[in-house]
Amino acid sequence: MNSPLREIPAVHRFTDDPEIAVYDRALGHGGVRTHVQAVLAQVREEAHQGATSADFSALRSAVLDRLRHEVSQTLLGVINGTGILLHTNLGRAPLAAGALAEATALGGGYTNLEYDLESGERGSRYQRVSALVQELSGAEASLVVNNCAAAVLLVLDTFASGREVVVSRGELIEIGGGFRLPDVLRKSGATLVEAGTTNKTYLSDYRNAWRETTAMFLRTHPSNYRVVGFSQEVEPKALTALARELGVIAFEDLGSGAFIDLGAFGLPHEPTVPESIASGFDLVAVSGDKLLGGPQCGIICGSTECVERLKRNSLVRALRVDKLTLAALASTLSVYLEPSRLQEIPLFAMLASTVESLWARAAAICAAVEGGEYGVRVAPCLSEAATGGGTLPLTCIPSAGIAVRFEASQARMLGPDRLAADLRRHSPPVIAKIEDDALIVDLRTVQQREDELVADALRAALAPAAAARNA
Ligand SMILES: *Cc1c(COP(=O)(O)O)cnc(C)c1O
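Bear in mind that the values here come from a model prediction, so they are computed numbers and not experimental data. (Residues numbered from 1 in each chain as written. Predicted model: local features only at pLDDT ≥ 70, side-chain atom pairs only at ≥ 80, totals over all residues. Heavy atoms only, no water.)

Engineer: So what about the overall build of the protein? Which residues, and what values?
Structural biologist: Scanning the protein from N- to C-terminus turns up 20 helices and 15 strands. The principal-axis extent of the C-alpha atoms belonging to the protein is close to 90 × 50 × 45 Å. Counting all 471 residues of the protein, 48% fall into the buried class. Considering only intrachain contacts with a sequence separation of at least 6, the fraction spanning at least 24 residues in the protein is 75%. Accessible surface, the protein: about 22600 Å² in total, of which carbon and sulfur atoms supply 50%. In the protein, which carries 44 positive and 55 negative side-chain charges, the distance between the mean positions of the two groups comes to 4 Å. (Helix = DSSP H or I, 4+ residues; strand = E, 2+ residues; numbered from the N terminus. Buried < 20%, exposed > 50% of the residue type's maximum accessible area, 1.4 Å probe, protein only. Contact = heavy atoms within 4.5 Å. Areas by Shrake-Rupley, 256 points an atom, 1.4 Å probe, with all protein chains shown as cover. Lys, Arg positive; Asp, Glu negative; His and termini not counted. Charge placed at Lys NZ, Arg CZ, Asp CG, Glu CD.)

Engineer: How would you summarise the domain arrangement of the protein if you had to cite specific residues and measurements?
Structural biologist: Along its sequence, the protein is carved into domain 1 (4–72), domain 2 (79–91 + 350–470) and domain 3 (97–341). A straight line from the C-alpha centre of domain 1 to that of domain 3 covers 52 Å. (Domains from an automatic or database assignment.)

Engineer: Tell me what's going on with the sheet that holds strand β15 (residues 438–442), and back it up with residues and numbers.
Structural biologist: Strand order in the open sheet formed by four strands is β11-β12-β15-β14, and the pairing between neighbours is antiparallel. The strands lining the two open edges of the sheet, one partner per strand, are β11 (376–385) and β14 (433–435). Looking at each pair of strands side by side, their axes are set apart by 35° on average, direction ignored. Of the strands in this sheet, β12 (397–406), β14 and β15 are in contact with helix α19 (residues 415–425), which crosses β15 at around 40°. (Pairing = 2+ DSSP bridges. Axes fitted to C-alpha atoms, helices over the stretch in contact; angles between N-to-C directions.)

Engineer: Tell me about the environment of V430, and please be specific about residues and values.
Structural biologist: Mapped onto the elements, V430 comes out in strand β13 (residues 430–431). With 352 residues separating them along the chain, V430 and V78 place their C-alpha atoms 5.9 Å apart.

Engineer: Give me the site of the ligand: which residues, what numbers.
Structural biologist: Lining the immediate surroundings of the ligand are R92, N147, C148, A149, I175, H221, S223, D253, G255, S287 and K290. Residue A149 places a main-chain N or O atom 2.8 Å away from an oxygen atom belonging to the ligand. Take K290: an N or O atom from its side chain is 2.8 Å from an oxygen atom of the ligand. The protein chains hide 94% of the 380 Å² of surface that the ligand would expose on its own. (Near = heavy atom within 4 Å. Polar contact = N/O pair within 3.5 Å; in protein donor to acceptor, adjacent residues only side chain to side chain.)

Have a look at this one:
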């Protein structure tokens, strides 16, 4: 009897296959070989147990599936067709070219990160970036840490450990990813004291919640929801004045991190860092990769006295940011010094695009995809984008994109879910959204240089539909 083992194809038949060989670049030739060998080992195992066939094309598909899966687990650039500008799962704000250049230039060599070039002695890594934050926020002092969650933790640990923190019941938020304010308070050793009710909190509620052991009034920006209707919150200025009167710290977890009024981009007003500082908060914490449009980090600004106390906390060493982040942040902040340059920051360039220009780009992509042979309708459509990342939760930004609609007979074979999955598997992956049984690639979050890639991805993903139709 023939051993079925003899039918197992040689490794090189796979590794020489052009469609498999393209993975050499991402995984290395050795890495690709390892996957081929793993698939073949499994076949050998099955052969011992009596399975007979080892069909090359089936094995080749199994190898490609493994390679695709492996690559999808590495950090990859993707095209964001969701229309959500600060998509936390997609890495929030893309960085400006200048910020990337700065990180590249400084990351590849040594820097004066903690070295004072004048004295030749140890310096502070935060000096340059602090000067920029102070200029843009109006605060006396600042500090940068890993992210805004770390900033909140550091502030609470420094000022409120073993003491009480008063928070309005309307602001006891969960930010996402399991980061819940009451839990963070507990972790930092502070005791939460709730003031007011879910919908209404008055200044008197803060006054009544105050005791000798109160360390802080904490105001959090309700980033990803709104309390609307029969509601009442305390004016920031009144809150900070009461905090001063009672001798407690006024801290605002602002989160979203706008340094400018977004009205210029047709967006509703989002509280800005300079406004918070002007309202008299002792400390304000924001994210670097939300509406600031910079790298992931947390920026704390406020009074010199409070920031100096933060710097003396040994946690700072554990929460500090690296030279790449500082280089990218300083470059991003410097753009704000010249408002005419704002659109160098991709977030603002994307916000500034007109619906007409997005529609025109969508039409061009559709023309390159269509040809009418796919049995699906590919056409420009109006869409609704959003800032996301827990900012401006109720705001729709008018947008345009490409809609793929399926005839009922096609939906079984392809359909929006299947097409979305195929687009995610493309290289580079395209992340689309599905609305009313249509697949939509929203161009508000697609950079113009990516248009051709979107067309390629759609053509490739729709090709099976064409093939099925022609069969
Ligand atoms: C987003 C947000 C945070 C968390 O910011 P990260 O930079 O993601 O850690 C904290 N507080 C508020 C109010 C937020 O909106």
